[in-house]
Amino acid sequence: MTGGGVERAAAPSGHLPVMYAQVLEGLRVDGGGTYLDGTFGRGGHARGVLDKLGPGGRLLVMDKDPDAIAVAEREFGADARVAIFRGSFARMADWDATVAGLDGVLLDLGVSSPQLDVAERGFSFGKDGPLDMRMDPDSGESAAEWLARAEEREIADVLWTYGEERLSRRIARALVAARSEAPITRTAQLAELIARAMPRGDGRIHPATRSFQAIRIHVNRELADLEQGLDAAMARLKPGGRLAVISFHSLEDRIVKQFIARHAKAPPANRRLPDVQAFTPTLRAIGGAIKADEAETAANPRARSAVLRVAEKLGEAA
């Protein structure tokens, strides 16, 4: 994610994605296992998993983005070990290919560099284009459509909740006033309106960073998808299977951290309750928060905000 921690690193050929080695180590790939990459992007992590699979292994890849799916089809479509599904990882449990169980699930959250780099996708305030922001441009409403209909309070709530933008009310008021004069349909137009509503800052990040992050998260239902996706991964992982999630800001990481803790640790005892409920852990955290090392962050500044968490599903293997 960009300056505010909202961009997933791209993985073109010859370029390793964020925490490549740590992800593969965390997944502990077995040559005959079945692994799902729920955020294919440009396939950097997926290639690493596939390289470790033998003839009996399986790689399942998912992505909302039709451009990512096109890359997967072009590069992996001829490999009998690979199955490809266009859709959100929140739906992984609905995919027949996952019914037999998974030995590993990877989620690399956020928006990819290719999405940011194409102005027509509407993700970047640094490139003027249509104000879209949808990871799946064929479903849901665009950012422009949402901004055209949302009430001032809803806009402010989204900016505060998903962008942690302190001036959310001021920005929302400015946007509602501006749209009464002309529709807000371009990324540069939105960025300028936000910048004009903000006091002059220290210049370290663009004044529209948090607002663009918030609107994108809302339009794509990213946090709701994450919660559903974690539950789906839990349902499909085999005992001993690994879950690896890369987050790029605190909102995502908090959900992942709390999910792992909820399944790994007994809740605090309540002395007011007469009976203590028995707790059986179903996940085991593998270490704590893992971050990119200095060498990687020097080579790829986008890795600075990345946090990897890994957990293993408990239970007796069949």
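Residues numbered from 1 in each chain as written. Predicted model: local features only at pLDDT ≥ 70, side-chain atom pairs only at ≥ 80, totals over all residues. Heavy atoms only, no water.

Undergrad: Would you explain the pattern of salt bridges in this entry?
TA: Pairing between side chains of opposite charge can happen when their charged atoms approach one another. Evaluated as defined, the whole model comprises 17 salt bridges. Across the pair D128 and R186 runs a salt bridge, and its minimum N-O distance is 3.2 Å. Taken together, the residues D128 in the loop between α4 (113–117) and α5 (143–149) and R186 in the loop between α7 (168–179) and α8 (187–197) connect sequence positions 58 residues apart. One salt-bridge network, held together by shared partners, links R28, R242, R284 and E312. (Salt bridge = Lys/Arg side-chain N within 4 Å of Asp/Glu carboxyl O. Helix = DSSP H or I, 4+ residues; strand = E, 2+ residues; numbered from the N terminus.)

Undergrad: I'm lost on helix α1 (residues 20–27) in this one. Help?
TA: Each α-helix turn comprises 3.6 residues. Residues three or four places apart therefore point the same way. Buried within α1 are the following residues: V23, L24, G26 and L27. Buried residues along α1 cover an arc of 160 degrees about the axis, so they all sit on one side. Opposite the buried face of α1, by more than 90 degrees, sit the exposed residues A21 and E25. Where α1 is buried, its residues meet β2 (34–37), α2 (44–52), β5 (102–108), β7 (237–247) and β9 (307–313). At the C-terminal side of α1, R28 shows a positive phi close to 50 degrees. (Buried < 20%, exposed > 50% of the residue type's maximum accessible area, 1.4 Å probe, protein only. Arc of directions from axis to C-beta. Contact = heavy atoms within 4.5 Å.)

Undergrad: Any chance you could explain the nonpolar core here in plain terms?
TA: Inside soluble globular proteins, nonpolar side chains tend to come together where they are buried. Counting 31 residues, the largest nonpolar core has L175, L190 and I215 as the members making the most contacts within it. Elements supplying a minimum of two residues to this core: α5, α6 (152–163), α7, α8 and α9 (209–220). For this core, the element with the highest residue contribution is α8, accounting for five residues. When neighbours within four sequence positions are excluded, L190 is seen to be in contact with L131, M133, L147, L175, I184, F212 and I215. Grouped together as the second largest cluster of nonpolar side chains are 29 residues, M62, M92, A232 and M234 included. (Core = buried A, V, L, I, M, F, W, Y, C linked by side-chain atoms within 4.5 Å.)

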